[in-house]
Amino acid sequence: MDKQFLKRITDAHSWLGLIISGLLFIIFFAGSISLFRDEINQWTFQPHYEIAQGEKLAISEVMEKAISGRKFDAKEHLTLISPSEHLPYYTVYVDVEHGPGEEDYVGFFMDPVSGKEIAPPSDYFLSSFIYQLHVNLNIPNGKYIIGFVTLFFFFAVISGVFIHARKIFINFFKYRTKQQKRSQLLDMHNVVGVMSLPFTVMYAISGLIFNLVIIYQIAFAVVLYKGDQQALLDDAGYQAVEPKWVDKAWQTPNIDYLYAQTTEKYKAVPRMIRMYNYGDENAVMHMYGQIKNDFAQQYEVAYNLKDNSTFLVKDSVDPNTLVQGLYVISRLHFGDYAGVDLRIIYFILSIAVCGLIITGNMLWLEKRARQRDQPEKTLKFVTNFTLLTTGGVVLATSVAFLAERLLPITLPAREDYMVYSFILSLVVVAFSLIFNRNKKYFLSILLRSSAFVLFAVVIADWLMFGRKGIILWQEGVKSIIAVEIGIVLLSSLFYFCSVKLSDKKSSVPKHNTNKTDTVVLPVSDSSY
Amino acid sequence: MWPKSIAALLGGCLISISLMLNMNYLLPLAVDSRLFIGLLISFPLWIAIMIWCYGSKNGWHAWKRCLSLLLISGSVNTFFIMM
């Protein structure tokens, strides 16, 4: 390969990598935690509530209880998400009549046995907050920012392959632990990059499809469909359900029968049920679910309640390639097509990519510090930026976990306080960077603090809900203790890394070969 | 690096859209399959153009490469749209 081409690509790789590194770390770190968001969600709320025992209400009764006593806007929707392994309650969203600026829906968990309202889902916001951080950084239009970060990440992955191509097999397991620090960093960067390659390519493509598909959607709608967006959506398999309100009361709709029929047909309870024009003659019942025993197959059916006729049906009999394909991509992205062991592998790979990002920045800093071709201020800024967006984010997330556990459930807007704890931790880390004299030592302090905070989370958990956790375990709810084990393991990992970082002996090369890295490394690699 | 980046982002995006539109006209498949294949290939194509742009000598060189490819692909687009 042309050396000049490789040099330019390497420059772009390190330049773009450095620019996106902060946000990319947040995406991967929050994403790796979000792999267990259902378990974390159950860990946050379940110790506060009992799991109801007894016969579950019929779906029609659940609907009646959901709208009872509320200003339900029947011309809009009533949405139910069925109870699942990690959330044994219905999640209900009722669209309500509202004034300007008021919330247009009410959301709450509902006991499937008694129909009692339990709590608003927003009270237990931790897992959603971390997931939103991964998806859109919790900011308006963050989705598109994440999309472009993912685009540059994809470029970094592919350009990394070009840079490392000549040595991809020879150096596959090369890790020079006894060499100079720069060689160690470069080896770690390369080994993680090569080993996680299929995983990172899959994440990059799926992430781009989720976040930047709008670009192609607009282009296709304008050119191929002459501006008819609905025609494009129809071809793409997204059929709108918009029945007209006729203002006549319905006559004994067969809601329970249609629900049971759908469950029987697909051998799976609908994951989501949405009612349109509830109570009207022209009401429609819309259901989505996953077809069991099939990899990435889902169904979508809607019935006219007037005569039980089918409004739409999409399943494995007549699939839409785009819908099915996107569903496969989403299952691959979230790693939920197999057991928890697969998600643990995903988690390890994601955390390894976090390490890849940090080593990339360290390589850039090491090289610029050695070459002395960058102003001191730039190096200081990059160092502090790296510390804030890596160690700072890790510490802030740990504090958010502790806040989630300690904040009383009766506290109004408790979710806001949890978010404030995250932001405040980041601000404190940012200010403390003023006193940073040694980046390794500072990172080690941040990781050690995170380890202690996470350990405190588990202690608080046992002091507050120790007995409840054991009872839940006996009732088959393993998430609480499993999340605690996960937190302890993560805390131990952070502590171990912190000890290694603060270990002065490890930073001194044991065998100084008196060779510079430029001699040891291939031309392309040395250009980092 | 900024001029190359603008060419890589904008040029890459336009070329990948243009090539996807051509592919959509040419592939003898059902419309949903064409849309899905287009979606899968579009982003890797964009990245390929980005690599090409960043591998250029400078921003002007990157734009020259992009525009030459866009001219060819755009002509094919025009042909299909006029048909």
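Residues numbered from 1 in each chain as written. Chains lettered and ligands numbered in written order. Predicted model: local features only at pLDDT ≥ 70, side-chain atom pairs only at ≥ 80, totals over all residues. Heavy atoms only, no water.

## Focus: the overall build of chain A
Note the threshold: Helix and strand labels come from DSSP, where a helix needs a run of H or I of at least four residues and a strand needs a run of E of at least two; each type is numbered from the N terminus. What the globule rule says is 2.2 Å times the number of residues to the power 0.38, and the radius of gyration is computed from C-alpha atoms. Residue exposure (1.4 Å probe, protein chains only): buried if accessible area is under 20% of the type maximum, exposed if over 50%, otherwise partly exposed. A contact between two residues is defined here by any heavy atoms of the two lying within 4.5 Å.
Helices and strands together make up the secondary structure of chain A, namely 18 helices and 8 strands. Rg of the C-alpha trace for chain A: 26 Å, near the compact-globule value of 24 Å for 528 residues, within the 12% margin. On the principal axes, the C-alpha backbone points of chain A span a range of 90 × 60 × 45 Å. When each of the 528 residues of chain A is scored for burial, the buried share is 52%. Considering only contacts within chain A whose residues lie at least 6 apart along the sequence, 70% involve residues at least 24 apart.

## A closer look at the confidence of the model for chain B
Residues and elements named next belong to chain B. Condition: Think of pLDDT as the predictor's per-residue confidence, scored from 0 to 100.
For chain B, the average pLDDT comes to 91, and 100% of its residues sit at 70 or higher. Between the elements of chain B, mean pLDDT differs from a low of 90, seen in helix α3 (residues 59-82), to a high of 92, seen in helix α2 (residues 31-54). For this predicted complex, the interface score ipTM comes out at 0.94, alongside a pTM of 0.87.

## Observations regarding empty space enclosed by the protein
Residue and element names in this part refer to chain A. Quick reminder of the rule: Of the grid points, spaced at 1 Å and generated over the protein atoms alone, those admitting a 1.4 Å probe that cannot get out make up cavities, while open sets with protein on both sides within 12 Å along at least five of seven lines make up pockets; any residue with an atom within 4 Å of a point is treated as lining. Grid points are joined across faces, edges and corners, and a volume is the space filled by probe spheres set on the points. Any residue outside Ala, Val, Leu, Ile, Met, Phe, Trp, Tyr, Cys, Pro, Asp, Glu, Lys and Arg is labelled polar, Gly included; the first ten of those are nonpolar and the last four are charged.
Here the structure, examined in full by the defined rule, presents 3 cavities of 30 Å³ or more. There is about 70 Å³ of room inside the second largest cavity. Met 362, Leu 365, Thr 383, Thr 386, Leu 387, Thr 390, Lys 439, Lys 440 and Leu 443 together form the lining of the second largest cavity. At the level of secondary structure, the elements contributing two or more residues to the lining of the second largest cavity comprise α11 (340-371), α12 (376-406) and α14 (439-474). Of all the elements, α12 adds the most residues to the lining of the second largest cavity, at 4 residues. Across the lining of the second largest cavity, the residue classes break down as 4 nonpolar, 3 polar and 2 charged.

## Remarks on helix α2 (residues 37-45) of chain A
All names here are of chain A. Here α2 lies mainly inside the structure; 7 of its 9 residues are buried. Of the residues making up α2, those classed as buried are Glu 39, Ile 40, Asn 41, Gln 42, Trp 43, Thr 44 and Phe 45. Considering only its buried residues, α2 is in contact with α1 (3-34), α4 (126-136), α11, α12, α14 and α15 (479-502).

## What to know about the pairing of strand β1 (residues 77-81) of chain A
Residues and elements named next belong to chain A. Test applied: Strands are treated as partners if at least two bridges between them are detected by DSSP.
Two strands pair when backbone bridges link them, and β1 and strand β5 (residues 272-276) are joined in this way by 5 bridges, in the antiparallel orientation. Residue pairing across strands places Ile 81 opposite Met 272, the latter belonging to β5. With 4 bridges joining them, β1 and strand β2 (residues 90-95) adopt antiparallel strand pairing. Note that in β2 the partner of Leu 78 across the bridge is Val 94.

## Topic: the environment of Arg 34 of chain B
Residue and element names in this part refer to chain B. By the secondary structure assignment, Arg 34 is in helix α2. Sequence-wise, Arg 34 and Met 20 are 14 residues apart; in three dimensions their C-alpha atoms are separated by 9.3 Å. If near-sequence neighbours (up to four positions away) are discounted, Arg 34 is found in contact with Asn 24, Leu 27 and Leu 29.

## A short note on the pattern of salt bridges
Residues and elements named next belong to chain A. The following threshold applies: Just to be clear on terms, a salt bridge is a Lys or Arg side-chain nitrogen sitting within 4 Å of an Asp or Glu carboxyl oxygen.
If you walk through the whole model with that rule in mind, you get 9 salt bridges over all chains. In this structure, Lys 468 and Glu 50 form a salt bridge, with 3.7 Å as the shortest nitrogen-oxygen distance. Of the two residues, Lys 468 sits in helix α14 while Glu 50 sits in the loop between α2 and α3 (59-67), which places them 418 residues apart along the sequence. Judged by its relative accessible area of 17%, Lys 468 is buried. Here Glu 264 makes a salt bridge to Lys 267, at a shortest N to O gap of 3.1 Å. Comparing Glu 264 with Lys 267 shows no difference in burial state: the two are exposed.

## Some remarks on the interface of chain B and chain A
The following threshold applies: A 1.4 Å probe defines the accessible area here, and the buried area is the portion of it lost by two parts on being joined, summed over both. Side-chain atoms alone can form a polar contact between residues adjacent in sequence; in general such a contact is a pair of N or O atoms within 3.5 Å, and within protein one must be able to donate a hydrogen while the other accepts it.
At the junction of the two partners, chain B supplies 31 residues and chain A supplies 38 residues. In this assembly, chain B packs against chain A so that about 3200 Å² is buried in total across both faces, 84% of it on carbon and sulfur atoms. Viewed at the interface, chain A and chain B are joined by 0 salt bridges. For the pair chain B and chain A, the number of links is 4 residue pairs in polar contact (both at pLDDT 80 or more). Among the secondary structure elements, those contributing two or more residues to the side of chain B that touches chain A are α1 (2-26) and α2 of chain B.

## Concerning the packing of aromatic side chains
What counts is decided by this rule: Aromatic rings from Phe, Tyr and Trp, taking only the six-membered ring of Trp, are treated as a pair when their centres fall within 6.5 Å; an angle between ring planes under 30 degrees marks them as stacked, one over 60 as edge-to-face, and anything in between as tilted.
Under the definition given, this model contains 32 aromatic pairs over all chains. Taking 5.4 Å as the distance between ring centres and 40 degrees as the angle between the ring planes, the aromatic pair formed by Phe 45 of chain A and Phe 109 of chain A counts as tilted. Taken as a pair, Phe 45 of chain A in helix α2 and Phe 109 of chain A in strand β3 (residues 105-110) lie far apart in primary sequence, 64 residues in all. Taken individually, Phe 45 of chain A and Phe 109 of chain A each receive the classification buried, so the pair is uniform in this respect. Measuring from ring centre to ring centre gives 6.5 Å for Tyr 216 of chain A and Trp 46 of chain B, while their planes differ by 75 degrees; the resulting arrangement is edge-to-face.

## Describing the sheet that holds strand β8 (residues 309-314) of chain A
Residues and elements named next belong to chain A. Using the following cut-off: A fitted line through C-alpha atoms serves as each axis, taken over the contacting stretch for helices, and the angle formed by two N-to-C directions is quoted from 0 to 180°.
Reading across the sheet, the 8 strands line up as β4-β3-β2-β1-β5-β6-β7-β8 and stay open at both edges, with antiparallel pairing between neighbours. Each of the sheet's edge strands pairs with one partner strand only, and the pair in question is β4 (117-119) and β8. For this sheet, the mean inter-axis angle between neighbouring strands, taken without regard to orientation, is 25 degrees. Strand direction decides the pairing type here: β5 and strand β6 (residues 284-290), joined by 5 bridges, are antiparallel. Considered in β6, the bridge of Ile 273 is made with Met 287. Running at roughly 155 degrees to strand β7 (residues 298-304), helix α9 (residues 255-266) makes contact with β2, β5, β6, β7 and β8 of the sheet.

## Considering the packing of α1 of chain A against α11 of chain A
Residues and elements named next belong to chain A. Just so we agree on the cut-off: Here the angle decides the label: under 35 degrees means roughly parallel, over 145 means roughly antiparallel, 65 to 115 means roughly perpendicular, and every other value means oblique. A crossing counts as left-handed when the near helix is turned anticlockwise from the far one by less than a right angle, and as right-handed when that turn is clockwise.
Contact geometry of α1 with α11 gives a least axis separation of 9 Å together with a crossing angle of 155 degrees. On the basis of the axis angle, α1 is roughly antiparallel to α11. The chirality of how α1 crosses α11 is left-handed. Of α11, the residues touching α1 (which contributes Ser 14, Gly 17, Leu 18, Ser 21, Leu 24, Phe 25, Phe 28, Phe 29, Ser 32 and Ile 33) are Phe 347, Ser 350, Ile 351, Val 353, Cys 354, Ile 357, Ile 358, Asn 361 and Trp 364.

## Comments concerning α3 of chain A
All names here are of chain A. For clarity, the threshold we go by: Of all possible arcs, the one meant is that of the directions from the helix axis to the C-beta atoms.
Residues Ile 59, Val 62, Met 63, Ala 66 and Ile 67 constitute the buried set of α3. Along α3, the residues classed as buried sweep out an arc of 120 degrees about the axis, all on the same side. Against β1, β2, β3, α9, β5 and β6 lie the buried residues of α3. Looking one or two residues beyond α3, the residue adopting positive phi is Gly 69, at roughly 75 degrees.

## Describing the nonpolar core
The condition is simple: Here, nonpolar core means buried Ala, Val, Leu, Ile, Met, Phe, Trp, Tyr and Cys residues that are tied together by side-chain atoms lying within 4.5 Å of each other.
With 112 residues, the main nonpolar core has Phe 28, Trp 43 and Phe 401 of chain A together with Met 50 and Tyr 54 of chain B as its most contacted residues. Beyond its immediate chain neighbours, meaning those up to four positions away, Phe 401 of chain A contacts Ile 33, Ile 40, Trp 43, Leu 126, Ile 130, Val 457 and Ile 487 of chain A. Counting 32 residues, the second-largest nonpolar core is a separate cluster that includes Phe 72, Ile 273, Met 287 and Ile 291 of chain A.

## Things to note about the confidence of the model for chain A
Residues and elements named next belong to chain A. Residue-level pLDDT values for chain A average 86, and 92% of them are 70 or greater. β5 holds the highest mean pLDDT among the elements of chain A, 95, whereas helix α17 (residues 517-520) holds the lowest, 32. In this model residues 506-528 is a low-confidence stretch, pLDDT under 50, and it forms 45 contacts with partners more than four residues away in sequence or in other chains.

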